[in-house]
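# Close look at the chain arrangement
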Amino acid sequence: MNPFTYSRAGDLDEAVREISDNDRAKFIAGGTNLVDLMKANVMHPTHLVDITRLGLSAIEETEEGGLRLGSLVTNAETAYHPQVAERYPLLANAILAGASPQLRNMATNGGNLLQRTRCYYFYDTATPCNKREPGSGCSALNGHNRIHAILGTSEHCIATHPSDMCVALAALEAVVRVTNRYGERAIPFADFHRLPGDTPHIDANLEPDEIITAVELPPRGFSQHFKYLKIRDRASYAFALVSVAVGLEMEGDTIREARLALGGVAHKPWRNLEAEALLVGNPANRETFKRAADRIVADARGYGSNSFKIELARRAVVRALNEAAK
Amino acid sequence: MTTNYIGKPTNRVDGYAKVTGGAKYAGEHNVPGLTYGVVVSSDIARGRISRIDASEALKLNGVLEVFTHENRPSLPWFDRNYQDQDQPPGSPFRPLYDNEIQFSQQPIALVVAETFELARYAASLVKVQYVREPHGTDLRAIQGQAYAPSKGKPSWKKPRPRGNAAQGMEQSIFKIEGRYDHAAEHHNPLEMHASTVVYEPSGKLTVYDKTQGVPNSQKYISRIFGLSKAQATVHAPFIGGAFGSGLRPQYQLFLAVMAALQLKRSVRVTLTRQQMFSFGHRPATIQRFELGADAEGKLQAVVHEAIQETSQFEDYTENVVNWSGTVYQCDNVEPTYKLVKLDTYTPLDMRAPGGATAMAAYEVAIDELAYAAGIDPLEFRLINYTERDPMQDLPYSSKELRACYRQAAERFGWSNRRPEPRSMRDGNELIGWGMATGIWEAEQKPAMAKAVLTADGKLTVSSATEDIGTGTYTIMTQIAAETLGLPLENVTFELGDSSMPEAPLQGGSWTAATVGSAVKSACLEVQKRLFEYAGSMPDSPLAKADADGVVFADGRIHLKHYPTIGVTIQDVLRHSGVDRIEEEVTTLPDMLRQKKYARFTHSAVFVEVKVDEDLGTVHVTRVVTAVAGGRILNPKTARSQVLGGVVWGIGMALEEESVLDHQFGRFINHDLAEYHVAVNLDVPPIDVIFVEENDTVVNPLGVKGLGEIGVVGTPAAIANAVFHATGKRLRDLPITLDKVM
Ligand SMILES: Cc1cc2nc3c(=O)[nH]c(=O)nc-3n(C[C@H](O)[C@H](O)[C@H](O)COP(=O)(O)OP(=O)(O)OC[C@H]3O[C@@H](n4cnc5c(N)ncnc54)[C@H](O)[C@@H]3O)c2cc1C
Ligand code: SF4
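Residues numbered from 1 in each chain as written. Chains lettered and ligands numbered in written order. Predicted model: local features only at pLDDT ≥ 70, side-chain atom pairs only at ≥ 80, totals over all residues.

## Describing the overall build of chain B
Each helix and strand in chain B was counted, giving 17 helices and 31 strands. Rg of the C-alpha trace for chain B: 27 Å, near the compact-globule value of 27 Å for 741 residues, within the 12% margin. Counting only C-alpha atoms and orienting by the principal axes, one finds that chain B spans roughly 80 × 75 × 50 Å. By residue count, 60% of the 741 residues in chain B fall in the buried class. If you take every contact in chain B between residues at least 6 apart in sequence, the share linking residues at least 24 apart comes to 83%. (Helix = DSSP H or I, 4+ residues; strand = E, 2+ residues; numbered from the N terminus. Rg over C-alpha atoms; globule rule 2.2 N^0.38 Å. Buried ≥ 20, exposed ≤ 12 C-beta atoms within 10 Å, placed from the backbone. Contact = placed C-beta atoms within 7 Å.)

Shown next, in the form of structure tokens:
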């Protein structure tokens, strides 16, 4: 870990100014990811701007009837908030499937979106990694890639985005609110995270001097028919090998609307709109579910120790749809 | 009698200090002027350092020194100087000896600075250039290079065949054959390895080390740095788990002492979690079995091969293949044991070394044979039950394994099991019931202890052993208090100081038996003295009594048959005129008697799993284990030991795997986020039964030790339950979901 300076921003303007003035500055929220990465010598900010006192810690209704989650609200507060628990149980379940109570008490919504991959090699500076050191190579391609991606990979990086929360946000079609020097902008969730391509060192479509102020949930929460299924190597406190977030609108046994997002399989929460379309208007049965699942994994590719994820993802999608439709 | 503590559930005497932070661990002793050392580890597994440049680090204000092979003090380099009590044959690792890299994460420099933060930063500035050489770390790929070691560790028993296994196989009606692999595992105690060396102005060193042998560490540094016993003492009053990782002095001890002597400053070196993967581990093992049974299910042949990894520089050996010839009656046994040299650090004893390895595979093979013969797995084990140790051809000092099977099976409800695999179900999940036998050695070693009773009636007993969380402090206090009939509050047991009377390494599940016997014996010597003084008190009611006719209890010495007749120990001390009674003893096992018997702890483990076959996930939902471990000194700490062992078994069966990346020859999942140990949600209610077992041979206390038995049978019981649930025989541990689905 390198020496760094620290300041606590009093308001949004100050935070944005501080980050814009110093290209080696980073925001720190809960610190549960950033500090670990600094200790492992993976990230080397020389200045930390503490944003925990910016007053972005509220959960409130939006004009459209959705919910705005402040970026500094903790993961725990979000999951247990009555409005979230009641109207967006898919999100609450996804958050509670992640990390541990202690971590969720510290982790913030903004930080969760920007947490970095858990790729073993990314964390180990003795090994090449394009994400950590562009151009050095990808050790996971021919290495131990049990936790790595099967969809949307590139020859430069096969890492996954590790978040659970984001998988639910992708399914719910949340919107990320961002502020920068020039003002505000809104990023649809599907456009927030990136695929690795030949720039795996950039995780998200967010400029280094932009701050996330909130995540907005549209009114529809799929609170009747939903499922967050997380499959991992132990019963808790492990990242997803595969996870599936499902939200359905049902009319009798027929699926009227479907949202489906996968975690643990790609560099971003994975959605396949064709697969979702295959569900709509069809009866909620195994054949329908399998068709959608097959569509999703049709594009998948394994790299050795993660090849099992292809079949696992297929089965997980069927299971999650089945449970959500009940 | 209120002072009878043995066998009573007693709270940990060190519990309060531990939960309030009063207990200080090796890396927590703070002294003025303390400096901090951070270890730089090798990026490569094999080769040479061609250049190491510390200039950037040294430029920082507050960095005191960067020690490397180039500037280390000149030290004796003979192998014998680096000996330790748990050393395999070979040439022990010597930190900073030269520029050769023998394993990934080898310590190659120590940066010492005034603060930890500075040392850590400076360590990241040390630039190293390597000349890489090809490394071999893939056990499966190079198992063809396996050789039979001619020598092993002192505890290693050369495998001995008996009968004619080939013939036995031929005569068998039921046969199975299979290969069983398990991954390397690391101990991963909660507390990282650390040493704090306090440098006193006189040059004397007080060393706080994370070790399972303060005498071992003390002798190690004495030999290397030429220090007398008075010049350096080693202390380990509290240890945050070790599981075998502290049986050999680790390199942070060497580095901290070296730096303290060079800089004439106090130095602390604490390893990182990643560096906890840089030394000993349970070796990955490949085993093969051929088993045969006759029409009644009697074992006719056991062919057992094991190939284990070791380092290039030492032949680490475990007793693996010996266990299959020990557990059941069988006349034809053919064991083969081989090693393969890898470019890793030498493996190291880890909770039930060899035994957990062997039984995790053998008890699965036995289950397979039971299925082949169409016999209930428990019944099959009873058919092959042995009342004599077939290996040594000796009777057992005690063996209540039958009672273990019976009591655990009853509690578990084994008789309701449907034998066919896939026959039990709960919704989406398949239910499986499996069982296995556990066995471990019940040993006693020589040990010393000292007891001091002072005029205020307070007793202090000491021995240079450790408490790695096992409850040593507590049970020794109980033994001492009961022997002298004193209230627990009046008794203090001290340990973890190399200037105390010597005790062996804290391992092998022998500490209760070994140190317990020494403590008891020291207290008996004090008893003798007290009895003499009591008899010579004026008007002593015990003047005519003989030693056998009195009892020490409730703070008094009284006649056995007339408890009201006696004297208080306080009075005896007052009248005796002495201000202290001090006795030091050396207790040796009664070898003449012990060698006529085979001495083992046994257990039976019954497990229920629920398997989601679609997704491959396995949950252990119930465990019942019955243990025959001789006399139970403290049911509370004893139960904790077995619980911990079972939890380890769950980890070994389903989760734990130190993954070697062969591109780099490096353990790659080297943190606790990716090296999975069982978490609370993985651990179901565990029912521990202690079966009554009287043993007058193992040691004067009749105790057998419980630190390891819990882990031995559990992995196989789980694997067998998974088979019962799914019909899939999984022979490679850990059983992760990709193997099940
Ligand atoms: C052992 C362990 C297990 C875990 N298991 C899981 C799991 O199972 N599932 C899961 O989903 N997560 C898991 N996590 C990850 C955890 O959810 C994240 O670490 C956490 O959400 C990050 O939030 P934070 O506020 O602590 O972020 P920080 O560490 O403070 O920040 C992370 C990054 O986000 C940036 N940042 C933070 N806030 C903002 C903002 N408002 N605007 C712009 N940039 C910002 C920071 O600059 C930094 O780069 C685990 C973490 C650990 C340590
Ligand atoms: S997968 Fe991505 S993060 Fe992992 S080593 Fe390759 S480039 Fe680095």
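Moving on from the model shown.
## Examining the overall build of chain A
Along its length, chain A carries 13 helices and 12 strands. Relative to the globule expectation of 20 Å for 326 residues, the C-alpha radius of gyration of chain A, 19 Å, shows essentially globular dimensions. In terms of its C-alpha atoms, chain A occupies a principal-axis envelope of roughly 60 × 50 × 35 Å. Counting over 326 residues, chain A shows a buried share of 56%. Contacts in chain A between residues far apart in sequence, at least 24 positions, make up 65% of those at least 6 positions apart.

## Considerations on the site of ligand 1
In the vicinity of ligand 1 lie 32 residues, with A:G30, A:G98, A:G110, A:G111 and A:L114 positioned nearest. Bordering ligand 1 are residues originating from chains A and B. Taken together, the elements giving at least two residues each to the shell around ligand 1 come down to β2 (25-28), α2 (34-39), α6 (101-106), α7 (109-114) and β8 (211-217) of chain A. Tallying contributions element by element places α7(A) first for the shell around ligand 1, with four residues. Its residues placed into classes, the shell around ligand 1 shows 16 nonpolar, 13 polar and three charged. (Near = placed C-beta within 6 Å. Nonpolar A, V, L, I, M, F, W, Y, C, P; charged D, E, K, R; others polar.)

## Some details on the environment of A:R116
Residue and element names in this part refer to chain A. Locating R116 in the fold gives a position in the loop between α7 and α8 (120-123). Separated by 46 residues in sequence, R116 and P162 have C-alpha atoms that sit 7.2 Å apart. Ignoring any residue separated from it by four or fewer positions in sequence, one finds R116 in contact with N33, L37 and D203.

## Comments concerning the site of ligand 2
Close to ligand 2 lie 15 residues; A:C119, A:Y121, A:C129, A:C138 and A:C157 are nearest. For the shell around ligand 2, the residue count by class is 10 nonpolar, four polar and one charged.

## Looking at the interface of chain B and chain A
Taken together, the 27 residues of chain B in the interface contact 26 residues of chain A. Going through the elements one at a time, α3 (116-125), β27 (617-628) and α17 (737-740) of chain B are the ones with two or more residues in the side of chain B that touches chain A. Ranked by the residues each element gives to the side of chain B that touches chain A, the list is headed by α3(B), at three residues.

## Points about the domain arrangement of chain B
Residues and elements named next belong to chain B. With domains assigned, chain B is organised as domain 1 (15-21 + 445-588), domain 2 (31-134 + 199-265) and domain 3 (144-185 + 281-443 + 595-740). Here the C-alpha centroids of domain 1 and domain 3 sit 39 Å apart. Every contact between the two is made by 15 residues of domain 1 and, on the other side, 20 residues of domain 3. Residue assignment for the side of domain 1 that touches domain 3 shows that the elements contributing at least two residues are α10 (472-484) and α11 (511-535). When the residues that make up the side of domain 1 that touches domain 3 are grouped by side-chain class, the tally is four nonpolar, nine polar and two charged. (Domains from an automatic or database assignment.)

## A closer look at the environment of A:R24
All names here are of chain A. With respect to the helices and strands, the residue R24 is situated in the loop between α1 (12-21) and β2. Among the residues examined, R24 registers 11 C-beta atoms within 10 Å and is labelled exposed. Among all residues touching R24, those that are not within four sequence positions of it are P45, T46 and H47.

## Thoughts on the pairing of strand β18 (residues 429-441) of chain B
Residue and element names in this part refer to chain B. Among the 13 residues of β18, 13 are classified as buried, and the element is accordingly described as predominantly covered. Covered by surrounding structure in β18 are E429, I431, W433, M435, T437, I439 and E441 together with L430, G432, G434, A436, G438 and W440, the residues of both alternating faces. As judged from the two bridges shared by strand β17 (residues 425-426) and β18, these two strands associate in the antiparallel manner. Across the sheet, residue D426 finds its bridge partner in β18, namely E429. If you look at the hairpin formed by β17 and β18, you'll find two residues sitting between the two strands, and G427 has a positive phi there, around 60°. In the sheet, β18 pairs with strand β26 (residues 600-612) via 13 bridges, with the strands oriented antiparallel. Following the sheet pairing, G438 is matched in β26 by S603. (Pairing = 2+ DSSP bridges.)

## Notes on the sheet that holds strand β1 (residues 5-8) of chain A
The strands making up a sheet associate through hydrogen bonds between their backbones, and the pairing can be parallel or antiparallel. Residue and element names in this part refer to chain A. Strand order in the open sheet formed by three strands is β1-β3-β2, with parallel pairing between adjacent strands. Bordering the open sheet on either side are β1 and β2, each of which pairs with just one other strand. Neighbour-to-neighbour, the strand axes of the sheet open up by a mean angle of 25°, direction not taken into account. With four bridges connecting them, β2 and strand β3 (residues 47-50) associate as parallel partners. Paired with F27 across the bridge in β3 is V49. (Axes fitted to C-alpha atoms, helices over the stretch in contact; angles between N-to-C directions.)

## Notes on the packing of α11(B) against helix α12 (residues 569-576) of chain B
All names here are of chain B. Where α11 contacts α12, the two axes come as close as 9 Å, and the packing angle between them is 70°. Between α11 and α12, the interaxial angle falls into the category roughly perpendicular. Only I569, V572, H575 and S576 of α12 make contact with α11, whose side of the interface consists of L530, Y533 and A534. Counted by class, the contact of α11 with α12 contains five nonpolar, two polar and no charged residues. (Parallel < 35°, antiparallel > 145°, perpendicular 65-115°, else oblique.)

## Focus: the confidence of the model for chain B
When pLDDT is averaged along chain B, the result is 97; 100% of the residues meet or exceed 70. Per the prediction output, this complex has pTM 0.97; the corresponding ipTM is 0.97. (pLDDT = per-residue confidence, 0-100.)

## Notes on the sheet that holds strand β11 (residues 254-263) of chain A
Residues and elements named next belong to chain A. Within the open sheet, the four strands sit side by side as β9-β10-β11-β12. Their pairing is antiparallel. Lying at the two open borders of the sheet, with one neighbouring strand each, are β9 (225-231) and β12 (270-271). Two elements, β11 and β12, share two bridges in a ladder whose sense is antiparallel. Looking across to β12, one finds that L262 is bridged to W270.

## Let's talk about helix α14 (residues 635-654) of chain B
An ideal rise of 1.5 Å per residue puts 28 Å on 20 residues; α14(B) measures up with 28 Å between its terminal C-alpha atoms. In terms of residue burial, α14(B) counts as a mostly covered element, since 16 of its 20 residues are buried. (Expected span 1.5 Å × (residues − 1).)

## Details of the nonpolar core
If you look at the biggest cluster of nonpolar residues, it comprises 342 residues, and the most contacted ones within it are A:V317, B:V111 and B:A480. Broken down by element, this core gets its largest block of residues, 13 residues, from helix α7 (residues 355-373) of chain B. Those residues within four positions of B:V111 in sequence are excluded, and the remaining contacts are B:G37, B:V38, B:V40, B:A57, B:V63, B:V66, B:A119, B:A122, B:A123 and B:V126. (Core = buried A, V, L, I, M, F, W, Y, C linked by C-beta atoms within 7 Å.)

## So, unusual backbone geometry
At the junction of B:L733 and B:P734, the peptide bond is cis and its omega measures out at 0° in the coordinates. At A:N41, a residue that is not glycine, the phi angle is positive and equals roughly 60°. Residue placement: A:N41 occurs in the loop between α2 and β3. The class for A:N41 is partly exposed, based on 17 C-beta atoms found within 10 Å.

## With respect to the pairing of strand β19 (residues 447-454) of chain B
Residues and elements named next belong to chain B. Counting buried residues in β19 gives six out of eight residues, a clear majority hidden from the surface. Here β19 runs beside strand β25 (residues 580-587); their pairing, made up of eight bridges, is antiparallel. Paired with K450 across the bridge in β25 is E584. One ladder, built from four bridges, connects β19 with strand β20 (residues 459-462); its direction is antiparallel.

## Section: the packing of α10(B) against α11(B)
Residue and element names in this part refer to chain B. Closest axis-to-axis distance for the α10/α11 pair is 9 Å, and the angle between their directions is 30°. The angle between α10 and α11 places the two elements in the roughly parallel class. For the crossing formed where α10 meets α11, the hand is right-handed. Where α10 approaches α11, its residues T472, I475, M476, I479, A480, T483 and L484 are matched on the opposing element by T511, A512, V515, G516, V519, K520, C523, L524, V526 and Q527. For the contact of α10 with α11, the per-class residue count stands at 11 nonpolar, five polar and one charged. (Left-handed = near helix turned anticlockwise from the far one by under 90°.)

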